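# Coordinate inspection notes
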Amino acid sequence: MYAVAIDGPAGAGKSTISRAVAQKIGFLYVDTGALYRAVAYDMLENRIDPSDIHAVCERLAHITVRLGYENGDQQIYLNGKNITEKIRTPQISAAASTVSSIGEVRQFLFSLQQDIARENHIIMDGRDIGTVVLPNAQVKIYLTADVEERARRRFVELQQKGIHTDFEEVLADVKRRDENDMNRSIAPLRQAPDAVLVNTSHLNFDQSVRAVLAVIEERIGRE
Ligand code: DC
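Residues numbered from 1 in each chain as written. Predicted model: local features only at pLDDT ≥ 70, side-chain atom pairs only at ≥ 80, totals over all residues. Heavy atoms only, no water.

What follows concerns the sheet that holds strand β6 (residues 122-126). An order of β2-β6-β1-β7-β8 is seen for the 5 strands of this open sheet, with the pairing classed as parallel. Unpaired on one side and paired on the other, β2 (28-31) and β8 (196-199) mark the two borders of the sheet. Direction aside, neighbouring strands of the sheet carry axes that sit 20° apart on average. (Pairing = 2+ DSSP bridges. Helix = DSSP H or I, 4+ residues; strand = E, 2+ residues; numbered from the N terminus. Axes fitted to C-alpha atoms, helices over the stretch in contact; angles between N-to-C directions.)

What follows is about the sheet that holds strand β5 (residues 81-82). Taken in spatial order, the 3 strands line up as β3-β4-β5 in an open sheet, and their pairing is antiparallel. Every interior strand has two partners, whereas the edge strands, β3 (65-70) and β5, have only one. Two strands pair when backbone bridges link them, and strand β4 (residues 73-78) and β5 are joined in this way by 2 bridges, in the antiparallel orientation. Paired with Tyr 77 across the strands is Asn 82, a residue of β5.

Bringing the environment of Thr 200 into the picture now. Topologically, Thr 200 is positioned in the loop between β8 and α9 (205-220). Classification of Thr 200 by relative accessible area gives buried; the value is 0%. Through-space distance from the C-alpha of Thr 200 to that of Asp 146 is 8.3 Å; in sequence the pair is 54 residues apart. Excluding anything up to four places from it in sequence, Thr 200 contacts Ala 12, Ile 17, Leu 143, Thr 144, Ala 145, Arg 153 and Ser 208. (Buried < 20%, exposed > 50% of the residue type's maximum accessible area, 1.4 Å probe, protein only. Contact = heavy atoms within 4.5 Å.)

Near the ligand there are 16 residues, and of these Arg 37, Arg 106, Arg 127, Arg 177 and Arg 184 occur at the shortest range. Ser 100 places a polar side-chain atom, nitrogen or oxygen, 3.4 Å from an oxygen atom of the ligand. Between the ligand and the protein, one listed contact pairs an oxygen atom with a side-chain N or O atom of Arg 106 at 2.8 Å. In isolation the ligand has 450 Å² of accessible area, and contact with the protein removes 97% of it. When residues of the shell around the ligand are traced back to their parent elements, those giving at least two are α2 (33-45), α4 (90-99) and α8 (167-183). Residue contributions to the shell around the ligand peak at 3 residues, all from α2. Of the residues assigned to the shell around the ligand, the class counts are 3 nonpolar, 5 polar and 8 charged. (Near = heavy atom within 4 Å. Polar contact = N/O pair within 3.5 Å; in protein donor to acceptor, adjacent residues only side chain to side chain. Areas by Shrake-Rupley, 256 points an atom, 1.4 Å probe, with all protein chains shown as cover. Nonpolar A, V, L, I, M, F, W, Y, C, P; charged D, E, K, R; others polar.)

Distances and angles like these do not, on their own, reveal function.
This is the structure in structure tokens:
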């Protein structure tokens, strides 16, 4: 099986670019952020403070998270209920970043990610895919963009979904998540030594897709 690991900070365009690339080459796209978002969603629904490690760990025993696909689109199920449409709010983003620093949460989601990679050609995006989850992936890409540009893109995306916030708030959220994701002690966001850096700050969507495809062709094409 072929695995393409795409890691990088929030708002770099990982999910939209990965989805488009996966479609072009016929690989399954796996968005691992949705898994952390599902755990965060469950905590907020149950009025559990995402930073209360003890309470979060206790709650984990009562939840199951599963991925499915509908017309090629990833769906996420929490205790059998499809919550795909409910996990994209700024509150869930912040809570997902918080719960993702808890080792037990990462452990809880680990085998689910490895199992799906064992059975499919995949493009998997996240923060620790090339470093921890799939260290043997044939292709590793670290996809990033300047923080202001990432905040601008996230702001536009939220607006298009009808979620109203102001730019400064989105920028602060992106910076806070960078800080959390890069500085946590377990599986922090890092560029794997064998990952290719792709910076999309000055690339449009099509150019970004082409840049990622070029890396994949270069690496897999040689095998
Ligand atoms: O990619 P995203 O914005 O949906 O991710 C939400 C949060 O989940 C992010 O702040 C960090 C965490 N995450 C992680 O720690 N490891 C992953 N592989 C994917 C996401």
